[in-house]
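Each chain, written out:
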Amino acid sequence: QQQVKQSPQSLIVQKGGIPIINCAYENTAFDYFPWYQQFPGKGPALLIAIRPDVSEKKEGRFTISFNKSAKQFSLHIMDSQPGDSATYFCAASRQAGTALIFGKGTTLSVSS
Amino acid sequence: SAVISQKPSRDICQRGTSLTIQCQVDSQVTMMFWYRQQPGQSLTLIATANQGSEATYESGFVIDKFPISRPNLTFSTLTVSNMSPEDSSIYLCSVGGLWLAGTDTQYFGPGTRLTVL
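These lines cover the structure that appears in this document, whether it is placed above or below. Worth saying up front: this structure is predicted, and the values here are computed from it rather than measured. (Residues numbered from 1 in each chain as written. Chains lettered and ligands numbered in written order. Predicted model: local features only at pLDDT ≥ 70, side-chain atom pairs only at ≥ 80, totals over all residues. Heavy atoms only, no water.)

1. Some remarks on the interface of chain A and chain B
The figure often quoted for interface size is the accessible area lost as the parts come together.
1) Next: If you look at the interface, chain A gives 19 residues, while chain B gives 20 residues.
2) Next: The junction of chain A with chain B conceals about 1,400 Å² of combined surface from both sides, 54% of it contributed by carbon and sulfur atoms.
3) Next: The tally of links from chain A across to chain B stands at zero salt bridges.
4) Next: In terms of residue class, the side of chain A that touches chain B is made up of nine nonpolar, seven polar and three charged. (Contact = heavy atoms within 4.5 Å. Buried area = accessible area lost by both parts, 1.4 Å probe. Salt bridge = Lys/Arg side-chain N within 4 Å of Asp/Glu carboxyl O. Nonpolar A, V, L, I, M, F, W, Y, C, P; charged D, E, K, R; others polar.)

As structure tokens, then:
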């Protein structure tokens, strides 16, 4: 499987801060890039997703920035809250709805 | 959105036995996937299960160890055979592809937490 590299492995921010999680991919055939949020004991939940024809997408406090030439994308969480404390995974696939290749995950802790 | 349920939610099994995990979706879906998530790790795709065809397995996973059934558009099973402690993981079902609602987002079930002694 082609690799998706995610960093940092863990992140601690204060309430109201803007954590940024970065991912890089290798396979230029990927054209769907979702981010998932996972709480302990739960399955991953889709947060937001982007396709390469868009450089930025916002949904509520979550923003994806996409740099096609650099093959990188990142997740920004605006005004982070303690309830955002979870593990975040980036992923990529050849098209939406098909098998996903996941990054290793970032554990985010937001202190109050 | 799709509602996905998995049974059992967790189980503790003895080495050498087999466990069948069920995945039920509340709507018809084209593609179903089985992933494994080892403790504290990321998700790794085991296989893709499409209705009416044989499952497609990823490198490192074989049908004899992880047989999959996909009898209809709302149900699939994954069996973990001849288990060893290394099989202790969370097994997740996910669904994707176009369905009646016209969306194509991939959703995950709650997972089955398996411990092999």
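2. A few points about the pairing of strand E5 (residues 45-50) of chain A
All names here are of chain A.
1) Next: In the sheet, strand E4 (residues 33-38) pairs with E5 via five bridges, with the strands oriented antiparallel. The residue bridging Phe33 from the neighbouring strand is Ile50, located in E5.
2) Next: Joining the antiparallel neighbours E4 and E5 is a turn of six residues, in which Gly41 adopts a positive phi near 80°. (Pairing = 2+ DSSP bridges. Helix = DSSP H or I, 4+ residues; strand = E, 2+ residues; numbered from the N terminus.)

3. Re the sheet that holds strand E7 (residues 62-67) of chain A
All names here are of chain A.
1) Next: Overall, antiparallel pairing links the five strands, which are arranged E1-E3-E8-E7-E6 in an open sheet. The two strands at the open ends of the sheet, each matched to only one other strand, are strand E1 (4-7) and strand E6 (56-59). Each strand axis lies, on average, 15° off the axis of its neighbour in the sheet, ignoring direction.
2) Next: With six bridges connecting them, E7 and strand E8 (residues 72-77) associate as antiparallel partners. Within E8, the position partnered with Ser65 by the bridge is Ser74. (Axes fitted to C-alpha atoms, helices over the stretch in contact; angles between N-to-C directions.)

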